Amino acid sequence: MNKSQNPTHNVLLGVTGGIAAYKSPEIIRRLQELGITVRVVMTESAEKFIGEVTLQAISGHPVYKDIFSSDDRVMEHIDLARWADKILIAPCSADFIAKLTHGFADNLLSTLCLAAECPIFLAPAMNQAMWHNLATQDNVEKLKSRGVEFLGPAAGNQACGEVGYGRLLEINQLLDEFCNTEKLLSGKKVLITAGPTQEALDPVRYITNHSSGKMGYALAQQAQRAGAEVTLVSGPVHLPTPNQVNIVNVISAKQMYDAVMENAEQADIFIAAAAVADYSPVDIAEQKIKKSQSELNLELKKNPDILSEVSSMDNRPFCIGFAAETENLETNAKEKLTRKKLEMIIANRVGQNESGEYKGFNSDQNKVHIFTPMGSHELPEMKKSILAKQLVELIALTYEKAYEKKHTT
Ligand code: PMT
């Protein structure tokens with residue numbers, strides 16, 4: 001990233017309360033190196049973690065804190081909101097995310113965010129349980145749907161001693177994403193399968209499963225947002241096509257196989273999120289099957305395993321599978337990881353609980369356990385859209401590492 005690539009001139013940096021506030025001076029310095037003018041607004045709780053004088057000295061401008069300042073700049077929040085080309089709030093606390101979601105205007109930073117017409121970027125930093133709390137996740141979802149951009153958080157060790165998602169992004173990645181010069185999957189082609197397949201028995205009946213396509217569609221949207229050119233091979237679902245994603249609609253496992261094989265060689269990454277029917281009828285009756293017999297035996301044949309076929313190709317993409325399990329999740333997922341020769345498998349429990357609610361399949365939430373040949377990582381239950389973003393980031397980073405290794409050995 002260099003100055004000439006960067007069209008942003010004025011950045012308003014909001015600093016909220018959190019231990020990661022100590023990184024704010026470095027963020028200011030790095031933005032200034034790109035030729036950007038930075039003005040800082042800090043909240044009252046941010047002052048507990050970083051001094052006003054430090055931020056003033058590094059930014060070279062007064063630090064703004066009060067809605068009604070003592071001098072003549074009474075319309076400060078409007079002035080600042082109009083001055084900024086972009087607002088970056090880093091670190092952004094759970095409390096500030098909640099304020100923004102509900103339109104609070106109880107401090108200078110929340111007030112000017114309400115008045116702002118420029119893009120707003122939030123770089124969350126908080127305890128992992130606070131990040132995963134459904135209240136926070138609901139707020140994040142709402143803000144995203146209003147166009148607020150989230151940078152991170154990253155996973156790793158936390159100041160409180162816990163491990164998980166909630167760390168401020170590394171400054172390099174934060175600034176790359178903020179300045180939009182390089183996205184995680186820029187220039188990459190990602191092929192994704194989603195939804196169920198339908199295997200016809202006769203002209204009106206078929207065998208299928210409860211997949212809604214939500215997981216695969218969310219992954220397609222997030223991969224596209226991460227800069228990838230995405231092709232989504234979708235079984236029959238009732239979902240809108242994600243923005244700027246190439247869609248190939250199919251019905252049967254055989255059609256899904258053909259569509260995937262046509263696109264697999266060009267793909268850098270293949271994510272198999274579809275619930276492909278393992279078997280299909282040997283014969284499809286030409287006419288509607290009559291209910292004349294008291295018993296009816298269906299003869300089924302095995303469908304091609306699309307994921308295994310792709311991972312066996314000479315010029316294969318980086319292959320990620322899902323494992324849908326009702327029992328022995330870890331053992332079965334690891335067995336599939338090895339047997340299907342995958343770089344990663346994302347295991348989820350599926351089925352219905354005692355109250356009849358779906359797990360994994362046909363639900364807005366999911367809880368996954370990720371296995372790679374190197375180890376495993378568990379994520380708590382969360383909305384599929386948010387999970388998809390975290391999975392895409394993980395896949396991109398794992399891909400990058402594997403690619404670097406391939407080219408240094
Ligand atoms: O669509 P949703 O309602 O959002 O639900 C999401 C989901 C539960 C369907 C998804 O998260 C999921 O688990 N997808 C994989 C379902 C599945 O078929 O799992 P499996 O364990 O039977 O298959 C293992 C892997 O092989 C999967 O990546 C599957 O896509 C792939 N496969 C399986 C059979 C086959 N013939 N071809 C394949 O490519």
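Here the residue numbers are simple positions, counted from 1 along each chain's written sequence. At least 70 in pLDDT is required for a residue's local features to be given in this predicted model, at least 80 for side-chain atom pairs to be given and counted, and no such filter applies to totals for whole chains, interfaces and linings, which use all residues. With hydrogens and water set aside, each side-chain value is computed from the structure's full complement of heavy atoms.

Let's talk about helix α10 (residues 253–264)
A run of H or I in DSSP counts as a helix once it spans at least four residues, and a run of E counts as a strand once it spans at least two, with each numbered from the N terminus. Multiply 1.5 Å by the residue count of a helix minus one, and that product is the helix's expected span. End to end, α10 covers 16 Å across 12 residues, agreeing with the expected 16 Å (1.5 Å per residue, within 8%). Along α10, the residues that are buried comprise Ala253, Met256, Ala259, Val260 and Ala264. Looking straight down α10, one finds that the buried residues subtend no more than 130 degrees of arc, so they occupy a single side. Partly exposed residues are those whose accessible area sits between 20% and 50% of the maximum for their type, while under 20% is buried and over 50% is exposed, using a 1.4 Å probe and protein chains only. Picture the helix axis, draw a direction to every C-beta atom, and the arc is the one those directions span.

Side note on the side chain of serine 363
Note on placement: serine 363 falls in the loop between β19 (358–359) and β20 (365–366). Serine 363 gets classed as buried once you look at its relative accessible area, which sits at 12%. In protein, a polar contact means a hydrogen-donor-capable atom and an acceptor-capable atom, both N or O and within 3.5 Å, with residues adjacent in sequence counting only if both atoms are side-chain atoms; elsewhere, any N or O pair within 3.5 Å suffices. At 2.8 Å, the side chain of serine 363 and the backbone oxygen of glutamine 365 are in polar contact. Beyond its immediate sequence surroundings of up to four residues, serine 363 is in contact with Lys214, Tyr358 and Lys384. By definition, residues are in contact when any of their heavy atoms lie within 4.5 Å.

A short note on the packing of aromatic side chains
Think of it this way: a Phe, Tyr or Trp ring, Trp meaning its six-membered ring, pairs with another when their centres are within 6.5 Å, and the plane angle makes it stacked under 30 degrees, edge-to-face over 60, tilted otherwise. For the structure on display, the rule yields three aromatic pairs. Taking the centre distance of 6.0 Å and the plane angle of 25 degrees together, the rings of tyrosine 399 and tyrosine 403 count as stacked. Highlighted residues: tyrosine 399 and tyrosine 403, both in helix α13 (residues 384–408), separated by four residues, approximately one helical turn. Taking relative accessible area as the criterion, tyrosine 399 reaches 10% and is therefore assigned buried.

A few points about the confidence of the model for the protein chain
pLDDT runs from 0 to 100 and stands for how confident the predictor is about each residue. Here the protein chain averages 91 in pLDDT, while 94% of its residues score no lower than 70. Note that residues 1–6 has pLDDT below 50 and, in this model, 13 contacts with residues that lie over four places away or in other chains.

Structural notes on the sheet that holds strand β5 (residues 149–150)
One requirement defines pairing of two strands: DSSP has to find at least two bridges between them. Pairing in this open sheet of five strands is parallel, and the strands run β2-β1-β3-β4-β5 from one edge to the other. Here the strands that pair on one side only, and so sit at the sheet edges, are β2 (37–42) and β5. One ladder, built from four bridges, connects strand β3 (residues 86–92) with strand β4 (residues 120–124); its direction is parallel. If you follow cysteine 92 over to β4, its bridge partner there is proline 124. Here an axis means a line fitted to C-alpha atoms, over the contact stretch when the element is a helix, while the angle between two N-to-C directions is reported on a 0 to 180 degree scale. Of the strands in this sheet, β1 (10–15), β3, β4 and β5 are in contact with helix α8 (residues 171–179), which crosses β3 at around 155 degrees.

Section: the domain arrangement of the protein chain
For each domain, the first and last residues come from an automatic or database assignment. When the domains of the protein chain are assigned, the result is domain 1 (3–179) and domain 2 (189–406). With centres defined by C-alpha atoms, the gap from domain 1 to domain 2 works out at 37 Å. Two parts placed together each lose some accessible area; with a 1.4 Å probe, that loss summed over both constitutes the buried area. In total, domain 1 and domain 2 occlude about 1100 Å² of area from one another, counting both sides; carbon and sulfur atoms represent 50% of this. Of all residues in domain 1, His132, Glu141 and Tyr165 give up the largest surface area on contact with domain 2, accounting jointly for 46% of the area buried on that side. Whenever a carboxyl oxygen of Asp or Glu lies within 4 Å of a side-chain nitrogen of Lys or Arg, that contact is scored as a salt bridge. Counting across the interface, domain 1 meets domain 2 through one salt bridge. Notably, a salt bridge pairs aspartate 138 with lysine 383, separated by 3.3 Å at the nearest N-O pair.

Remarks on the site of the ligand
If even one non-hydrogen atom of a residue comes within 4 Å of a molecule or strand, that residue is called near it. Contacts to the ligand come from 28 residues, most closely from Ser211, Ser212, Lys336, Asn348 and Asn362. At 2.9 Å from a nitrogen atom of the ligand is found a main-chain nitrogen or oxygen belonging to alanine 273. Contact between the ligand and phenylalanine 322: an oxygen atom at 2.9 Å from a main-chain N or O atom of the residue. Considering the ligand on its own, with 770 Å² of exposed area, one finds that the protein chains cover 95% of that surface. Elements supplying a minimum of two residues to the shell around the ligand: α9 (214–225), α11 (306–311) and β16 (318–325). Per-element tally for the shell around the ligand: the top contributor is β16, with four residues. For this scheme, ten residues count as nonpolar: Ala, Val, Leu, Ile, Met, Phe, Trp, Tyr, Cys and Pro. Four count as charged, namely Asp, Glu, Lys and Arg, and the remainder, Gly too, count as polar. In terms of residue class, the shell around the ligand is made up of 14 nonpolar, eight polar and six charged. Residue exposure ignores everything except the shown protein chains as possible cover, and the areas themselves are Shrake-Rupley values with a 1.4 Å probe.

Brief notes about the packing of helix α4 (residues 94–102) against helix α5 (residues 108–115)
Between α4 and α5, the least distance of the axes is 10 Å, while the angle of their chain directions is 40 degrees. As the angle between them shows, α4 and α5 are arranged oblique. The hand of the α4/α5 crossing is right-handed. From α4, Phe96, Lys99 and Leu100 reach across to α5, where they touch Leu109, Ser110 and Cys113. Each angle gets one of four labels, with under 35 degrees taken as roughly parallel, over 145 as roughly antiparallel, 65 to 115 as roughly perpendicular, and the rest as oblique. When the near helix sits turned anticlockwise from the far one by under a right angle, the crossing is termed left-handed; a clockwise turn instead gives a right-handed crossing.

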